[in-house]
Amino acid sequence: MAEPTIDAGAGPVALRRSPLAHLENRMRAAAVTGARGVTLTERPFLTMVNLRVDPASEAAARLGKTLGAPLPRQCGHTTTSGPHTVVWLGPDEWLVLSRAESTEVTAELREALGGDPGSVVDVSANRTTLELSGPSARQVLEKGCPLDLHARSFTPGRAVSTTVGPVAVLLWQVDDTPTYRLFPRSSFADYLARWLIDAMSEYRGPEVP
């Protein structure tokens, strides 16, 4: 049997494999359509940059200007501008989620921080992104998430650290479909995806009165 070969000209980006590539077909097959619809997909390789800085400092203002929006100052809050969304993680910590290339975003933010106290760290490989969307998405999450996800409490733009099943995640509601993005550590992504697939299965049948 011939040995597998690797294209010597392929760069590291071309060779990378997402944490849930092996479950792509299962997630697609688990989709439910109609009034009780819900879908699950992976959105891999999203740029994620961790920021630590004094929120009252000039450096924080420069970082916000570079991102096009101020750093959010309260738990659960996010700010968005262009390809960047900034999520509050703590009093002096944020996660930048971006569609832009990670090395470019990291370099720009490090330049904005300059020599001031703080840190800018590319953590893109630390997590992957699961997107759960559809009329039944909230009900699926409520099976294993301790948060009150009702629209009176959790609305588009909110993002908090929580758990879904036994897995720690950053949970962000993107829109009122509702669509949620879940950011688990890559090593726990397989378990979480399988948990969500199982939780989605009941919505294939009629609603029990």
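Scroll up a little and you will see the structure.
Now for a description of the structure that goes with this document. What you see as residue numbers is a count from 1 along each chain, following the sequence as written. Only residues with pLDDT of at least 70 are given local features in this predicted model, and only at 80 or more are side-chain atom pairs given and counted; all residues enter the totals for whole chains, interfaces and linings. The side-chain numbers reported here are obtained from all heavy atoms of the structure, hydrogens and water having been left aside.

## Some words on the sheet that holds strand β2 (residues 47-52)
Argument step 1. A pair of strands is considered paired only if DSSP assigns at least 2 bridges between the two. Secondary structure elements follow DSSP: runs of H or I no shorter than four residues count as helices, runs of E no shorter than two count as strands, and numbering proceeds from the N terminus. Read across the sheet, 5 strands follow the order β3-β4-β5-β2-β6 without closing on themselves; strand pairing throughout is antiparallel. Edge positions in the sheet fall to β3 (78-81) and β6 (119-122), since each of these pairs with one other strand and no more. Averaged over neighbouring strand pairs, the angle between their axes works out to 20° when direction is ignored.
Argument step 2. The pairing of β2 with β6 spans 4 bridges and is classified as antiparallel. Within the sheet, the bridge partner assigned to Val49 lies in β6 and is Asp122. Fitted lines through C-alpha atoms serve as axes, helices being fitted only where they are in contact, and the angles separating the N-to-C directions of these axes extend from 0 to 180 degrees.

## Comments concerning unusual backbone geometry
Where the residue is not glycine, phi is negative for most of them; where a peptide bond is considered, it is trans in most cases.
Argument step 1. Residue Thr177 is joined to Pro178 through a cis peptide bond whose omega torsion reads 5°.
Argument step 2. For Pro178, the location among the structural elements is in the loop between β9 (167-175) and β10 (179-184).
Argument step 3. Within the chain, Phe45 stands out as a residue other than glycine whose phi angle is a positive 65°.
Argument step 4. Turning to its location among the elements, Phe45 is positioned in the loop between β1 (39-42) and β2.
Argument step 5. Burial classes follow relative accessibility: with a 1.4 Å probe on protein chains only, a residue under 20% of its type's maximum area counts as buried, one over 50% as exposed, and anything between as partly exposed. Of the residues examined, Phe45 reaches a relative accessible area of 39% and is grouped as partly exposed.

## Overview of the packing of aromatic side chains
Argument step 1. Pairing of aromatic rings covers Phe, Tyr and Trp, the last through its six-membered ring, and needs centres within 6.5 Å; plane angles under 30 degrees mean stacked, over 60 mean edge-to-face, and all others mean tilted. Within the structure shown, the criterion is met by 1 aromatic pair.
Argument step 2. Between Trp172 and Phe183 the ring centres are 6.5 Å apart and the planes differ by 20°, which places this aromatic pair in the stacked class. Highlighted residues: Trp172 in strand β9 and Phe183 in strand β10, separated in sequence by 11 residues. Like Phe183, Trp172 is buried.
Argument step 3. Geometry around Phe45 places Arg16 over its ring, the cationic atom sitting 3.9 Å from the centre. Placement of a charge over a ring requires the Lys NZ or Arg CZ to be within 6 Å of the ring centre, with the centre-to-atom vector within 35 degrees of the ring normal.

## Points about helix α4 (residues 102-113)
Argument step 1. The terminal C-alpha atoms of α4 lie 16 Å apart, and with 12 residues this matches the ideal 16 Å at 1.5 Å per residue to within 8%.
Argument step 2. Within α4, burial applies to Ser102, Val105, Thr106, Leu109, Ala112 and Leu113. Buried residues of α4, viewed axially, fall in a sector of 125°; they line one side. Across from the buried face of α4, at angles greater than 90 degrees, the exposed residues are Thr103 and Glu111.
Argument step 3. In this description, contact between two residues means that some pair of their heavy atoms is separated by no more than 4.5 Å. Its buried side turned inward, α4 meets β2, α3 (58-67), β4 (84-90), β5 (93-98) and β6. Expected span of a helix, by definition, is 1.5 Å for each gap between consecutive residues, and there is one gap fewer than residues. For this quantity, the arc is that covered by the directions from the helix axis to the C-beta atoms.

## What about the pairing of β5?
Argument step 1. Buried residues dominate β5, accounting for 5 of its 6 residues.
Argument step 2. Here 6 bridges tie β4 to β5, and the two strands are oriented antiparallel to one another. Paired with Val87 across the strands is Leu95, a residue of β5.
Argument step 3. Linking two consecutive strands that pair antiparallel, namely β4 and β5, is a turn of 2 residues.

## Observations regarding the pairing of strand β7 (residues 130-133)
Argument step 1. Side chains Leu130 and Leu132 of β7 all project onto a buried face; the interleaved residues Glu131 and Ser133 project onto the opposite face, where all are buried too.
Argument step 2. The sheet contact formed by β1 and β7 spans 4 bridges and is antiparallel. Each bridged residue has a counterpart across the sheet, and for Glu42 the counterpart in β7 is Leu130.

## A few points about the environment of Leu132
Argument step 1. Along the polypeptide, Leu132 turns up in strand β7.
Argument step 2. Other than its neighbours up to four places away in sequence, Leu132 contacts Val38, Thr39, Leu40, Ala137, Val140, Leu141, Pro178, Thr179, Tyr180, Leu182, Leu196 and Met200.

## Side note on the sheet that holds strand β8 (residues 159-164)
In a beta sheet, neighbouring strands are held together by backbone hydrogen bonds and run either parallel or antiparallel to one another.
Argument step 1. Strands sit in the order β1-β7-β10-β9-β8 across an open sheet of 5 strands; the sheet is antiparallel. In this open sheet, the two strands that pair with only one neighbour each are β1 and β8. Strand after strand, the sheet turns through a mean of 30° between neighbouring axes, direction not considered.

On their own, these measurements won't tell you what the molecule is for.
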